[in-house]
Amino acid sequence: MKAKDLLSIRHNPSIMFYGPAGCGKTALVSQSPNSYMFDFDDGMLTAALLEDKFSSLRRNCEFDTYVEDNPNLPKMWMKAERKINEFITQSAKGALKYDFILVDSLTGMSKAIYLQVMHQTGNVWNKPQIQHWGDMVLMMEKALTLLRSLKCPLILTAHEMSYVADGTNLI
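Cut-off values and rules
- Residues numbered from 1 in each chain as written.
- Predicted model: local features only at pLDDT ≥ 70, side-chain atom pairs only at ≥ 80, totals over all residues.
- Heavy atoms only, no water.
- Salt bridge = Lys/Arg side-chain N within 4 Å of Asp/Glu carboxyl O.
- Helix = DSSP H or I, 4+ residues; strand = E, 2+ residues; numbered from the N terminus.
- Buried < 20%, exposed > 50% of the residue type's maximum accessible area, 1.4 Å probe, protein only.
- Lys, Arg positive; Asp, Glu negative; His and termini not counted.
- Polar contact = N/O pair within 3.5 Å; in protein donor to acceptor, adjacent residues only side chain to side chain.
- Contact = heavy atoms within 4.5 Å.
- Axes fitted to C-alpha atoms, helices over the stretch in contact; angles between N-to-C directions.
- Parallel < 35°, antiparallel > 145°, perpendicular 65-115°, else oblique.
- Left-handed = near helix turned anticlockwise from the far one by under 90°.
- Nonpolar A, V, L, I, M, F, W, Y, C, P; charged D, E, K, R; others polar.
- Expected span 1.5 Å × (residues − 1).

> Explain the pattern of salt bridges to me, please; I cannot follow it from the model alone.
Close approach of charged atoms lets side chains of opposite charge pair. Following the criterion strictly, the structure yields five salt bridges and no others. Across the pair glutamate 86 and lysine 83 runs a salt bridge whose closest N-O atoms are separated by 3.7 Å. Taken together, the residues span about one helical turn, with glutamate 86 and lysine 83 both in helix H4 (residues 76–92) at a distance of three residues. Here glutamate 86 falls in the partly exposed class, since its relative accessible area comes to 37%.

> I keep staring at the side chain of aspartate 39 and nothing clicks. Help me out?
Note on placement: aspartate 39 falls in strand S2 (residues 35–39). Here aspartate 39 occupies a buried position and makes no salt bridge, while the nearest side chain of opposite charge, lysine 79, is found at 10.0 Å. From its side chain, aspartate 39 meets the backbone nitrogen of aspartate 41 in a polar contact 3.2 Å long. Among residues more than four places away in sequence, those in contact with aspartate 39 are Met44, Phe63, Asp64, Thr65, Tyr66, Val67 and Asp104.

> Please clarify how the packing of H4 against helix H6 (residues 130–148) should be interpreted in this entry.
A pair of packed helices can be characterised by two numbers: the angle between their axes and the separation between those axes. Running from N to C, H4 and H6 point in directions that differ by 30 degrees, and their axes come no closer than 10 Å. Between H4 and H6, the angle is such that the two are roughly parallel. Here H4 and H6 pass one another in a crossing that is left-handed. Each of Trp77, Glu81, Ile84, Asn85 and Ile88 in H4 lies in contact with H6, whose residues at this interface are Met139, Lys142, Ala143, Leu146 and Leu147. Tallied by class, the residues present in the contact of H4 with H6 amount to seven nonpolar, one polar and two charged.

> What is the right way to read helix H5 (residues 106–119) from this model?
Residues lying three or four places apart along an α-helix face the same way, a consequence of the helix completing one turn every 3.6 residues. Over its 14 residues, H5 runs 20 Å from end to end, which matches the ideal 20 Å to within 8%, given 1.5 Å per residue. The buried count for H5 comes to eleven of 14 residues, which makes it a mostly enclosed element. Those residues of H5 not exposed but buried are Leu106, Thr107, Gly108, Met109, Ala112, Ile113, Tyr114, Leu115, Gln116, Val117 and Met118. Against strand S1 (14–19), H4, strand S4 (100–104), H6 and strand S5 (154–159) lie the buried residues of H5. The N-terminus of H5 is capped by serine 105, whose side-chain oxygen sits 3.2 Å from the backbone nitrogen of threonine 107.

> What should I look at first to understand the environment of aspartate 41 in this one?
Examined against the element boundaries, aspartate 41 turns out to sit in the loop between S2 and helix H2 (43–49). With a relative accessible area of 30%, aspartate 41 lands in the partly exposed category. Each C-alpha atom, one on aspartate 41 and one on serine 105, is 6.4 Å from the other, the two residues being 64 residues apart in sequence. Among all residues touching aspartate 41, those that are not within four sequence positions of it are Val67, Asp104, Ser105, Gly108 and His159.

Put into structure tokens, the structure is as follows:
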């Protein structure tokens with residue numbers, strides 16, 4: 001398959017860039033023309049400061065940050081859900097103005113969902129139980145399904161990291 005063949009596919013592709021922090025995933029995907037980025041990792045700050053021949057492309061990427069100021073009172077996942085629903089409404093009306101939707105990163109998105117679910121338990125630092133992990137998976141699945149339903153390609157980044165057993169830190 002070649003890139004031009006994507007135009008003949010009935011559904012829009014989903015593409016993931018996976019690698020260690022700092023390898024250039026955000027800098028690469030933020031060059032997508034006419035794009036919107038869900039910036040869960042504050043990666044656009046680094047990408048915007050990078051000076052190279054692609055700087056002007058990165059500076060045209062529209063984005064919102066979804067980084068928690070206070071993890072004890074998480075708000076960013078709810079903000080992201082509102083934006084996803086806004087895009088679904090626009091897409092249904094044929095009015096989505098973006099050619100690409102970017103998620104930077106799936107890792108950061110998972111953390112936002114984690115904090116939201118654990119906040120609902122009354123304490124974000126509680127040890128997650130099986131039902132909490134189930135809620136997190138369902139929320140992630142719903143978000144990705146909605147994003148993939150948009151009339152444009154979905155590009156995601158993900159990091160080589162995971163939650164430690166108690167869920168409070170990333171390694």
